[in-house]
Amino acid sequence: MSYVTFTADKLTVPTELTIPFIEGDGIGPEITAALQRVTAAALTKTLPENKIIWQEVLAGEKAFRQTGSWLPSETLATIKQAKLAIKGPLTTPIGEGHRSLNVTLRQELDLYACVRPVRYFPGVPTPVKKPEKTAITIFRENTEDLYAGIEFAAETPEVKSLIETLPQKQQAKLRFPATSALGIKPISKTGSQRLVAAAMDYCLTHNKKRLTLVHKGNIMKFTEGGFKKWGYALLETHYPDQVFTLEQFNRLKKAHGLSAAQTTLTGAQAAHKVIVDDLITDNCFQQMLLAPEKYQVLATTNLNGDYLSDALAAQVGGIGISPGANINYQTGAALFEATHGTAPDIAGQGLANPCSLLLSMVMLLEYIGWHQPAKTIETAIEDTLEQKIVTHDFAQTIPQAQEVSTADFATALIQQIEHS
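Let us look at the structure shown here. (Residues numbered from 1 in each chain as written. Predicted model: local features only at pLDDT ≥ 70, side-chain atom pairs only at ≥ 80, totals over all residues. Heavy atoms only, no water.)

### Overview of the sheet that holds strand S10 (residues 210–215)
Moving on, step 1. Within the open sheet, the 11 strands sit side by side as S4-S3-S5-S15-S14-S6-S7-S13-S10-S12-S11. Their pairing is mixed. Bordering the open sheet on either side are strand S4 (51–56) and strand S11 (243–245), each of which pairs with just one other strand. Geometrically, the sheet is characterised by an average inter-axis angle of 25° between neighbouring strands, direction not taken into account.
Moving on, step 2. As paired strands, S10 and strand S13 (residues 297–300) are joined by four bridges and run parallel to one another. (Pairing = 2+ DSSP bridges. Helix = DSSP H or I, 4+ residues; strand = E, 2+ residues; numbered from the N terminus. Axes fitted to C-alpha atoms, helices over the stretch in contact; angles between N-to-C directions.)

### Quick look at the packing of aromatic side chains
Moving on, step 1. Applying the stated rule across the entire model yields five aromatic pairs.
Moving on, step 2. Aromatic ring contacts, followed pair by pair, group Phe-139, Tyr-202 and Tyr-329 into a single cluster.
Moving on, step 3. Over the ring of Phe-121 we find Arg-119, and its NZ or CZ is 3.8 Å from the ring centre. (Phe/Tyr/Trp six-rings, centres within 6.5 Å; stacked < 30°, edge-to-face > 60°. Lys NZ or Arg CZ within 6 Å of the ring centre and 35° of its normal.)

### Section: the environment of Ile-381
Moving on, step 1. Position of Ile-381 among the secondary structure elements: in helix H14 (residues 371–386).
Moving on, step 2. Ile-381 sits 339 residues away from Ala-42 along the chain, and the two C-alpha atoms are 12 Å apart.
Moving on, step 3. When neighbours within four sequence positions are excluded, Ile-381 is seen to be in contact with Phe-121, Cys-355, Leu-358, Leu-359 and Leu-413. (Contact = heavy atoms within 4.5 Å.)

### Details of the nonpolar core
Moving on, step 1. In terms of nonpolar packing, the biggest core is built from 94 residues, with Leu-211 and Leu-298 touching the most fellow members.
Moving on, step 2. A total of nine residues in this core trace back to one element, the largest contributor, which is helix H13 (residues 355–367).
Moving on, step 3. Residues contacting Leu-298, with those up to four places away along its chain left out, are Ile-136, Thr-137, Ile-138, Phe-139, Thr-212, Val-214, Cys-284, Met-288, Leu-308 and Leu-312.
Moving on, step 4. Val-57, Leu-76, Leu-109 and Ala-333 belong to the second largest nonpolar core, which has 14 residues in total. (Core = buried A, V, L, I, M, F, W, Y, C linked by side-chain atoms within 4.5 Å. Buried < 20%, exposed > 50% of the residue type's maximum accessible area, 1.4 Å probe, protein only.)

### Some remarks on the pattern of salt bridges
Moving on, step 1. Going through the model one piece at a time under the given rule, you end up with 14 salt bridges.
Moving on, step 2. For the salt bridge of Glu-382 with Arg-119, the shortest nitrogen-to-oxygen distance reads 2.8 Å. A residue pair is termed long-range when its members are at least 10 positions apart, and Glu-382 in helix H14 and Arg-119 in the loop between strand S6 (113–118) and strand S7 (136–141) qualify at 263 residues.
Moving on, step 3. Given a relative accessible area of 18%, Glu-382 falls into the buried group.
Moving on, step 4. Take Arg-119: its relative accessible area is 27%, and that puts it in the partly exposed class.
Moving on, step 5. Ionic pairing is found between Lys-185 and Glu-224, a salt bridge with its closest N-O pair at 2.9 Å. Here Lys-185, found in the loop between strand S9 (182–183) and helix H7 (189–205), pairs with Glu-224, found in helix H8 (residues 224–238); they are 39 residues apart in sequence, far enough to count as distant. (Salt bridge = Lys/Arg side-chain N within 4 Å of Asp/Glu carboxyl O.)

### Comments concerning H7
Moving on, step 1. When the terminal C-alpha atoms of H7 are compared, their 24 Å separation across 17 residues agrees well with the 24 Å that a helix rising 1.5 Å per residue should span.
Moving on, step 2. All buried positions along H7 are accounted for by Gly-191, Ser-192, Gln-193, Arg-194, Leu-195, Val-196, Ala-197, Ala-198, Ala-199, Met-200, Tyr-202 and Cys-203.
Moving on, step 3. Following H7 by one or two positions, Asn-207 adopts a phi angle in the positive range, close to 55°. (Expected span 1.5 Å × (residues − 1).)

In structure tokens form, the structure reads like this:
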């Protein structure tokens, strides 16, 4: 097998590359088939000497049917070795059954950065008046916070014992201790700083000039507040010549007055430094609607990032057209994925929109340095959507749209690629 290798912060990619893939549940098989066809066409058009060998690994319902395990150890081992994979959506029961396989994969592989670029494609129906103003990349911490899954069910010996270990002052904050379930919210300096560093490096390599730390530190002062404090400290210590932060602005203002602080900010902008500020989470949601054009990169904690990713996606047409990646920038390991659910109600009917998975493949190709096929796929999606050739989801709200099946949408993309 020819996998990527990662040494000293550099990926080495063979021209014949094996990529493990998880087909996914529900609509997963349909959109995965579209992914493979479109990717092959883009490679033939732009890098004919390069080749992808698709290696299926099992997870989800298909894995359970064939092996009795929702996530076989062989799947984790293969992805760890390959350091690269792409997946369709996987089923997660709500309130019962097995834990989220998506979360498990991220934690088992230590894929600490969930990266979600959000942009508008002309012609896509959206609920806002000017969706083109939204062009924001979210860096969501992927392994900590409430998603660590440290929970204790109400009215169990475990939760009772935990409550008894709390100081009396903390116990008094429990409104109904006898019937309370508890969850623990771990947020560490190490986890926070490696996420913020990844976001900062992204700003530098993608010519982004504003990085915003999103937190609820006004209420959760030691966890969310820690994220903010540790993020600023990391940036000012490790990127002193490349950033100017709101913390620095406020210190200058306090010591030398507003005019001096403003002059320094203007100089930092002229020197093309990355300007770093922060937003309380609820205010961030407001700003994303009122003035999204002012923001470029958000770095935030796990739960905040989950909410913000979907909310921002809604502004440009929904998660059906939003890609996602889970990356460990220290080891090079990366898992790209469709960001939507399994949609079992339409599975097997040819109604699914494959754009989320296709755009995640664009991210994968960019990640390994195959920029030409990545751009070719993205452009084909843009052109096809502008021609109003769409799948069932968009056809419902686009006047005079030409509704096509999942497979026919892939065919339309391939025709765009071949004639580009």
